[in-house]
Amino acid sequence: MAVKKRKPVKKIKKRKEKRNGTPFYKDERFAYIVGGMVLIIASYLTVAFVSFLFHGAADQSKLDLSWPQLVFNSDVKVDNNAGKTGAFLADVIINRGFGIASFIFIYLLVITGFRILGWKQANYRKAWVLSIISVIWLSVALGFIFMKDDASVYTYPGGRYGFVVSLWLNSLIGKTGTALLLLLTAFITLTASFEGVLPWLKKLFHKKQKPEIVTEGIGENESVPKKDSDFEESILKVIDEDDVVKAIFDPDTEGDGHGTAPDDKEIELDIQTDPAADKPPEQPKEPELTVEEGVDEEIGDFSHGQLEDYDPTLELSNYKMPSIDLLVDHSTGNAEVSNEELISNKNKIVETLRHYKIEIIKIRATIGPAITLYEIVPAPGIRIAKIKNLEDDIALSLAALGIRIIAPIPGRGTIGIEVPNQQPEIVSMRSIISSKKFQESTAELPVVIGKTISNETYMFDLVKMPHILVAGATGQGKSVGLNVIITSLLYKKHPAQLKFIFIDPKKVELSLYSSIENHFLAKLPGEEDSIITDIQKVKNTLNSVNIEMDYRYDLLKKAHSRNIKEYNKKFISRRLNPEKGHRYLPYIVVVIDEFADLIMTAGKEIELPIARIAQLARAVGIHMIIATQRPSTNIITGVIKANFPTRIAFKVASMIDSRTILDTPGANQLIGKGDMLIAMGSSMTRVQCAFIDTPEAEEVCKFIAGQQGYPEPFLLPEYVGEEDGPAATDLSNIDELFEESARLVVLNQMGSTSMIQRKLAIGYNRAGRIMDQLEATGVVGPSEGSKARQVLIQDEYSLEQLLNSLD
């Protein structure tokens, strides 16, 4: 029995000895697992940190929630690519910790992970110590440099730690003392950590101590260079730099007088700021005209003497720009908001924010024509998301029609609250046309459209836009905005420099400009009306504009010009020969009203030529302005939005419509009556559109029409669309699949080219020719855009009779 009892005891001891022989944490597999985990964590934090820099502001409102609500509530979503956990960790480490310097922690995790995996590093401990010091120093330095008492927490590059410590140091030793302390600690750290710092400083100071030895060493033939080659290289560099400076400022003098010449020339630097001083050496470069191939022959066709520059306005040299007296001043004198209204709104905003424990350091009001901007500076530590979420509460306390919060205002470090004025001021067209900014503008196509919140005239160059998409609900000022854009161009450009193409499916909005067709309008040859209202004529006109665009590109190619401005400059200076097809190219602005009606009627036949013009026509001076009151995704498609970077949004009904136009909410919070948002790239500006009444626009057109004009409007290239004529030639060579296609169309009662292509397994071009033959023989009706053609034969018996008659 005793022997039997001893056996299990021995086994247990052996097992214990085996288990206690190699601890699990010393196992190589455990090291690889831990090292891999550390590297994965470092990668995850990298994604979270980088994403936090771009989406930190948008995620602030979600991070205000408690941890259980943030984690277990599936409705809460963040923009951070690392998810909720990544957003939380990035906020804690960067926002509430050490700021941008927190990226050094990722470096520490990486070197630690590789060390665990077996990669030996010589200065591992030194790297840790230096990294920790760098984190602390960078956090404090960034907090000191980018300290903004009026900014929110997540905008601090130094994090909360850097902000608090730098603030404490400023109060303790002042800003100058803090800056000197940071420089001192950086100098001590660099000198103690890197051995090459001290020799570099010595070498730097030694350069300035021996300038005279340079000339002596060089004058003693070549015995010195062998003793100190490094010192000689530094000396030669100094001498080369002096020689270059001397050659620039005194090219006629020789190498005498090294001590006095540079000083004398440095005094004359202010005189050389005049550009006239640089022109004499550039005058011999006039023969550059002969460098351009294809232009040389054109120059040779002119007379031997120098001709004056070509004047495109010579034919209408007596033309006068419209007078400002034609416009009416609609201002009511209520531009100034009373102090009582300002103080009342200020007190209500402060009181509302204090209800939610949000303190404000200061508040400032900027009075605009229809909106007053209240800029608030929150106390340090207040999250912007808290104020952003109180938009409805502030609107309730102010009893306003609708407010808009800008958090933060770009470039100011404040939070803006836009509140409508009780008595808004009308911005008249006369006031902005007569503004100094517009009158002295040198832009190619200056457009003045209204006034900003700060009462500044808002103007832009249509050439730089280069196309504009205007959208808004009915009655919010969209048509008035188009008239303002057109009128501002009429006030600034000569008829020889600008042509309009007006497309108006509504037939009444742009009809008032028909009186100036011989001055500013362009149309197809043979057309009676310059204002295009018919859908088929719209298709032909847009395709004709495409032909004009291609023709202009051919001219630019021959003239070796990159854009219309360079081309016209060469033509005006008579460097292009008109006998070889060259001509002065005016700007063409295509204005389309009620774009939604065109898309619903013609679809792709309208959208595709518009997209092509928007993509390519900028360089040849063709620009588009499209207006619609239905901002839905099937009207404003991705192709349209991609090629119209400048968008003007008047008031819309919902946030979805605002996102469709601007890719962001805001247009649904406007107050109407000309209140609009102008988006140019990433910038968003709120503008009160100017008001021009219809009689005013008619007076401007009447003034222009009363002057001498061209014999006829500007003629676009002729465009021949699909007609019934070519079908007769196809009947002489009917396709082999014609009868089968006819039976297929009649059987399905749908005249679709794509159906014939799909059912008969043929190419699209062949299917299109068969469809033309079916139309010519009376099987299907004419094309209706993107819709299927109407089938004119209802049964197979009638079809057989038709086919027999063709035989």
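For the structure, check the block above.
Being a predicted model, the structure only gives us computed values, none of them experimental.

### Observations regarding the pattern of salt bridges
Step number 1: Counting across every chain of the model gives 22 salt bridges.
Step number 2: Put simply, R404, E418, D675 and R686 are held in one network by salt bridges that share partners.

### A word on the packing of aromatic side chains
Step number 1: This model, assessed by the stated rule, comprises eight aromatic pairs.
Step number 2: Through a chain of ring-to-ring contacts, the aromatic side chains of Y319, F500, F502, Y513 and F520 assemble into a single cluster.
Step number 3: Above the face of the F438 ring, K492 is positioned so that its terminal group lies 5.2 Å from the ring centre.

### Details of the nonpolar core
Step number 1: Counting 109 residues, the largest nonpolar core has I449, F500, Y513, I592 and I610 as the members making the most contacts within it.
Step number 2: Ranked by residues supplied to this core, first place goes to helix α21 (residues 535-559) with eight residues.
Step number 3: Discounting chain neighbours no more than four positions away, the residues touching I592 are I503, L542, L598, I610, M624, I625, I626 and A627.
Step number 4: Counting 22 residues, the second-largest nonpolar core is a separate cluster that includes I349, L390, A395 and I403.

### Details of helix α26 (residues 655-662)
An α-helix turns once every 3.6 residues. As a result, residues three or four positions apart point the same way.
Step number 1: Within α26, the full set of buried residues consists of S658, T660, I661 and L662. Along the long axis of α26, the arc covered by the buried residues comes to 165°, so they all point the same way.
Step number 2: The inward-facing, buried residues of α26 contact β7 (468-471), α25 (638-643), β13 (646-650), β14 (675-680) and β15 (683-689).
Step number 3: Once α26 finishes, D663 follows within two positions and takes phi at roughly 65°, a positive value.

### Brief notes about helix α29 (residues 738-748)
Step number 1: Within α29, burial applies to F738, S741, A742, L744, V745 and V746.
Step number 2: Looking one or two places after α29, you find Q749, whose phi comes out positive at around 50°.

### Re the sheet that holds strand β3 (residues 404-406)
Step number 1: Read across the open sheet, the four strands follow the order β1-β2-β4-β3; overall the sheet is antiparallel. Each end of this open sheet is capped by a strand with a single partner; those strands are β1 (360-367) and β3. Taking each pair of neighbouring strands and ignoring which way they run, the sheet shows an average axis angle of 20°.
Step number 2: The pairing of β3 with strand β4 (residues 415-420) spans three bridges and is classified as antiparallel. Within β4, the residue paired with I405 across the bridge is I417.
Step number 3: Relative to strand β2 (residues 371-378), helix α14 (residues 339-355) is tilted by about 40°, and along the sheet it contacts β1, β2 and β4.

Scoring rules and cut-offs
- Residues numbered from 1 in each chain as written.
- Predicted model: local features only at pLDDT ≥ 70, side-chain atom pairs only at ≥ 80, totals over all residues.
- Heavy atoms only, no water.
- Salt bridge = Lys/Arg side-chain N within 4 Å of Asp/Glu carboxyl O.
- Phe/Tyr/Trp six-rings, centres within 6.5 Å; stacked < 30°, edge-to-face > 60°.
- Lys NZ or Arg CZ within 6 Å of the ring centre and 35° of its normal.
- Core = buried A, V, L, I, M, F, W, Y, C linked by side-chain atoms within 4.5 Å.
- Buried < 20%, exposed > 50% of the residue type's maximum accessible area, 1.4 Å probe, protein only.
- Helix = DSSP H or I, 4+ residues; strand = E, 2+ residues; numbered from the N terminus.
- Contact = heavy atoms within 4.5 Å.
- Arc of directions from axis to C-beta.
- Pairing = 2+ DSSP bridges.
- Axes fitted to C-alpha atoms, helices over the stretch in contact; angles between N-to-C directions.

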